[in-house]
Amino acid sequence: MLVIVLTKGVPARTTQAAQVGGVLNREAMELVLNPHDAKAVEAADYVKRRVGGKTVALSMGPDTKLVPLMKPLYASEVSGVDEEYVLSDRKMAGGDTLATSYAVALGVRKVVERHTKAIEELEEMIKKAGYSEAVKAKAKELYAANLLSNRVYSDLPSVRGTIVSRFLSGDATSSGAVQELEAEKARVSRFIVLAGTKTTDGETGSVGPQVAEGLSELLGVVVPHATYVEDFDVDPSASTVDSRRMIGYLSQKLEMRLPALLTVAAEYRPRSPPAAGMKEVRANSYRGKVYQPFKWTAEDIGADPKKIGLVNSPTIVGTGIDIGKPPVQKSVGSTQVFLKAVEKTEFEGKAYGPYSRGDVAADVPEGLVARLRADGSVGVFDVPMLAEELTA
Amino acid sequence: MSDDSKGVWVYLQHDSAGLTVPSLELIAAGRSVADKLGQELVGVILGSGLDKMADAAVQRGADRVILVDSQDLETYLNLAYADAIYSLVKERKPYVLLITANEVGKDIAGRVAYRVPTGLATDNVQLAVEDYSNPVLGQFKDLLIQVRPDFGTRLARIYTPRHRPQMATVRPGSFTPLEPDPKRKGKVEKVPFKAPGYPAKVTEVVELPPPTPDLAGADVVISLGLGVLKDRSGSPKDPRDAYRLALDLKSAFETRGMKAEIGATRALIYAELKELEGIIGKNNQVGQTGATVKPKVYVAAGISGALQHRVGMQNSTKIVAINTDPGAPIFKIAHYPVVGDLYEELPKLAEAVRRGAIAG
Ligand SMILES: Cc1cc2nc3c(=O)[nH]c(=O)nc-3n(C[C@H](O)[C@H](O)[C@H](O)COP(=O)(O)OP(=O)(O)OC[C@H]3O[C@@H](n4cnc5c(N)ncnc54)[C@H](O)[C@@H]3O)c2cc1C
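Computed from a predicted model, the values in this text were never measured in an experiment. (Residues numbered from 1 in each chain as written. Chains lettered and ligands numbered in written order. Predicted model: local features only at pLDDT ≥ 70, side-chain atom pairs only at ≥ 80, totals over all residues. Heavy atoms only, no water.)

**Notes on the overall build of chain B**
Short version of the rule: Each helix is a run of DSSP H or I of at least 4 residues and each strand a run of E of at least 2, with the numbering of both proceeding from the N terminus. Each radius of gyration is computed over the set of C-alpha atoms, and the globule rule expresses the reference value as 2.2 Å times the number of residues to the power 0.38. Partly exposed residues are those whose accessible area sits between 20% and 50% of the maximum for their type, while under 20% is buried and over 50% is exposed, using a 1.4 Å probe and protein chains only. Each accessible area value is a Shrake-Rupley result obtained with a 1.4 Å probe; residue values ignore everything except the protein chains displayed when judging cover. Under the counting rule used here, the positive set is Lys and Arg, the negative set is Asp and Glu, and His together with the chain ends is not counted. Note that the charge is assigned to NZ on lysines, CZ on arginines, CG on aspartates and CD on glutamates.
Across its full length, chain B carries nine helices and 18 strands. A globule of 360 residues ought to have a C-alpha radius of gyration of about 21 Å, and chain B, at 23 Å, matches this closely. Classification of the 360 residues of chain B by burial places 56% in the buried group. Carbon and sulfur atoms form 51% of the exposed surface of chain B, whose accessible area is close to 14800 Å². Across chain B, the 45 positively charged side chains and the 42 negatively charged ones have centroids separated by 3 Å.

Here is the structure:
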């Protein structure tokens, strides 16, 4: 099973975010992996141990920055990710959630396609070359590239009766082998995408659901999603996922057919995978790790140039604004306020008031304040008056 | 973009008690936008057996209510809800679509926006209508200005000039519901919905008690920040003492019939102090990544007033700030600045609040 984790590089310190016209300049900043993605990585590892397969980390941003950030994921708990992909292209920079989700969905599709294409290549070879060394060589090559599961071909001594070995030994006919490979292709198409609930820079939480929608459009099947997943499991045949999530005060259980996308909440704790079914887990697994991250451009993933990057993003970030007007303030221990109601008063030929208790004596001339202080009408705002106003 | 798009739409959520408070806030938000545009405010309600909801929406400010009433919407399923909203939007082309920025709103909004396609500005705390011009894109009249917390510095204005509807999610607590007006009249229409088969199904729904503390429902929120670590002279303090003082102030307000709760800054929560374990946690957090509150009284004790904190509490009616640093940014938005040590000022305030109860 293909387990695809979305990870993002975010500014190490949001306060020092380098911005150009409201858009983060990721090339100029120190980046870290989005802390909310850690749970998605844990969840991916669980799925791999539960049903077998391989975990793939997919990220978008400048590859020179991201590759070093993603390196530690190869060694993350428990078994680490197996492959890494970076969508890196200036043309995709500065995209809003719509443009970003489109590109990420294309990236996911391409990861899946690499695997279905490998199976198709093998099918072609079987149809064309029949029982021959060429089939074996092709299978070996694709297996080495980490593109075929142990079910199809394996060099592990513990794995017997792969599709290719049964075909080569004559136990399976060519049409039988092709049929089995078609079933394997269907398995590859039942992938799972895992993401954090949100990122610490954008904080939108929109990308997960939007990637699911993007995949639905690209693949022509509805790819369901569940957000804020606290617990989930994949069924042993790797065709459905059962999730539990909190929506408001409701705890909802959602059963989704794969392919599906989950955003994983901070509350998630991986289960312990059952010990049974190890044979199936092994069959679903791949050769191992590919330590050389793949770098793909917009063209590589087949992006429509009109749908990516800053200029094609529907939303535009405008000028910032400072919040809140300073309120009328009463400082405890310093602001002069009226301690009692005072009728309209004449002072040096001008009328002032009337005032009520608590009014700030701000635009009252000093001479008048002195007089009002003397008769106890004005005084310093204190804690008891504060308490009085708060409970009024 | 089609310029014939018209109408301000609000997607209204409800529970067994009727329209939710954030939905009433959303109507108020939509009302202000619709008035500025001179357009109709349309409430969209999804579910089954919705007849009662329509009147409430009208009384709170909607001009028209669309009830998508269907057995297929009885249980919340994101795919079905997104489909129902999307098909209405596609058919009727609203100018603006507002959705509450909670788990449900965020579950649906992204999918709908992608499908339209249009932009989605999330977590807005203010909305406005203004003309907008951009050297590349040109002039736009009467755009929705979506105001949301920025990457960490300020609030940002977000525009969606070329796509319709302009879609935004609005943070709960950012607008005040309008008083119900039983005489208000509005149009109500019912729209059917038939769900196609989905590769997803809800297998269980359990209602859990609301989280404690109920920050959003409190009259008074007393929040603590990292200032609890040291007193005025700089000597270390046990943060539990500050917590006790806050609890004492809470009970003082409660003697005055005001429901009070304890809040905290993210910095205090993330400091993961051993002493506060199990006492103050994520549920206490006020701010951009915590709760948005607007109680009658907000007491900020030992809180610097970072923007991410302010966006969660700046709409409180009366803000008291206790801080040893006269230059702390929190004082810019406080109605009642108290320059001083929280360890001295909190007990004084508690005593004065209690005393008032006796005097009054
Ligand atoms: C993406 C993002 C999201 C965030 N979300 C949130 C959020 O939701 N909520 C939130 O609160 N923060 C949030 N933050 C963190 C925020 O930026 C600040 O770091 C945080 O609010 C600061 O907390 P503080 O005021 O407790 O600490 P400080 O900034 O350290 O302030 C402590 C204050 O206490 C004062 N003080 C010290 N001793 C005393 C004393 N004895 N008596 C009185 N005053 C004293 C000091 O003068 C100082 O002003 C977020 C940050 C980011 C980057």
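**Looking at the environment of A:Gly367**
One can find A:Gly367 in helix α9 (residues 366-374). Residues A:Gly367 and A:Ser377, spaced ten residues apart in sequence, show a C-alpha to C-alpha distance of 14 Å.

**Considerations on the sheet that holds strand β10 (residues 240-247) of chain A**
Applied cut-off: By this definition, two strands are paired if DSSP reports at least two bridges between them. Geometry is summarised by axes, namely lines fitted to C-alpha atoms with helices restricted to the contacting stretch, and by angles between N-to-C directions that run from 0 to 180 degrees. Contact between two residues is taken to exist if any of their heavy atoms lie within 4.5 Å; hydrogens are not considered.
Across the sheet, which stays open at both edges, the ten strands sit in the order β13(A)-β7(A)-β6(A)-β1(A)-β8(A)-β12(A)-β9(A)-β10(A)-β11(A)-β13(B) with mixed pairing between neighbours. The open sheet has two edge strands with one neighbour each: β13 (294-296) of chain A together with β13 (200-207) of chain B. Neighbouring strand axes in the sheet, compared pairwise and without regard to direction, differ in orientation by 30° on average. Both strand β9 (residues 225-234) of chain A and strand β12 (residues 260-264) of chain A contribute to a ladder of three bridges, which runs parallel. Counted as the bridge partner of A:Val229 is A:Val264 from β12(A). Its contacts with the sheet place helix α3 (residues 97-129) of chain A against β1 (2-7), β6 (54-60), β7 (83-87), β8 (192-196) and β13 of chain A, and it is angled at close to 150° to β6(A). Running at roughly 175° to β12(A), helix α7 (residues 207-219) of chain A makes contact with β1, β8, β9 and β12 of chain A of the sheet.

**Side note on the packing of aromatic side chains**
As a reminder of what qualifies: Two rings belonging to Phe, Tyr or Trp (six-membered ring only in the last case) form a pair when the distance between their centres is within 6.5 Å. Interplanar angles under 30 degrees mark stacking, angles over 60 mark edge-to-face geometry, and anything in between is tilted. Charge-over-ring contacts are defined here by two conditions on Lys NZ or Arg CZ: a distance within 6 Å of the ring centre and an angle within 35 degrees of the ring normal.
Under the defined criterion, the tally for this structure stands at twelve aromatic pairs over all chains. Relative to A:Tyr268, the ring of A:Phe232 has its centre 5.5 Å away and its plane inclined at 25°; by these criteria the two rings are stacked. Here the residue A:Phe232 occupies a position in strand β9, and A:Tyr268 occupies one in the loop between β12 and α8 (278-284), the gap between them amounting to 36 residues. Of the two residues, A:Phe232 and A:Tyr268, both sit in the buried class. Their ring planes at 70° and their centres at 4.9 Å tell us that B:Tyr76 and B:Tyr81 sit as a pair that is edge-to-face. Owing to a relative accessible area of 11%, B:Tyr76 belongs among the buried residues under this scheme. Among the aromatic side chains, those forming a connected cluster through ring pairs are A:Tyr46, A:Phe232 and A:Tyr268. Over the ring of B:Tyr343 we find B:Lys237; its NZ or CZ atom is 4.6 Å from the centre of that ring. Above the face of the B:Tyr270 ring, B:Arg266 is positioned so that its terminal group lies 4.9 Å from the ring centre.

**Examining the domain arrangement of chain A**
Stated precisely, the cut-off is as follows: Reported domain spans reflect what an automatic or database domain assignment gives.
You can read the domains of chain A as domain 1 (2-312) and domain 2 (336-390). Relative to domain 2 of chain A, the C-alpha centre of domain 1 of chain A lies at a distance of 70 Å.

**Considerations on the packing of helix α3 (residues 78-92) of chain B against helix α4 (residues 103-115) of chain B**
Residues and elements named next belong to chain B. Applied cut-off: In what follows, roughly perpendicular refers to angles from 65 to 115 degrees, roughly parallel to angles under 35, roughly antiparallel to angles over 145, and oblique to any angle outside these ranges. Crossings are sorted by hand: turned counterclockwise from the far helix by less than a right angle, the near helix makes the crossing left-handed, and turned clockwise it makes it right-handed. Three categories are distinguished: nonpolar for Ala, Val, Leu, Ile, Met, Phe, Trp, Tyr, Cys and Pro, charged for Asp, Glu, Lys and Arg, and polar for the others, with Gly belonging to the last.
Contact geometry of α3 with α4 gives a least axis separation of 9 Å together with a crossing angle of 45°. Judged on the interaxial angle alone, α4 and α3 are oblique. Handedness of the crossing formed by α3 with α4: right-handed. For the pair α3 and α4, contact is made by Asn-78, Leu-79, Tyr-81, Ala-82, Asp-83, Ile-85 and Tyr-86 and by Asp-107, Ile-108, Arg-111, Val-112 and Arg-115, respectively. Class assignment for the residues of the contact of α3 with α4 results in seven nonpolar, one polar and four charged.

**A look at the domain arrangement of chain B**
Reports of interface size often rely on the accessible area that becomes lost once the parts have come together. All names here are of chain B. Definition in use: By buried area we mean the combined loss of accessible area, with a 1.4 Å probe, across both parts when two parts are placed together. What counts as a salt bridge is simple: a side-chain nitrogen of Lys or Arg found within 4 Å of a carboxyl oxygen of Asp or Glu. In protein, a polar contact means a hydrogen-donor-capable atom and an acceptor-capable atom, both N or O and within 3.5 Å, with residues adjacent in sequence counting only if both atoms are side-chain atoms; elsewhere, any N or O pair within 3.5 Å suffices.
Once the domains are mapped, chain B shows domain 1 (8-191) and domain 2 (220-355). Relative to domain 2, the C-alpha centre of domain 1 lies at a distance of 34 Å. Of the roughly 870 Å² buried between domain 1 and domain 2 on both sides combined, carbon and sulfur atoms contribute 42%. Across the contact surface, domain 1 and domain 2 share zero salt bridges. Applying the counting criterion to the domain 1 and domain 2 interface returns four residue pairs in polar contact (both at pLDDT 80 or more). Of the residues belonging to the side of domain 1 that touches domain 2, the class tally is five nonpolar, five polar and four charged.

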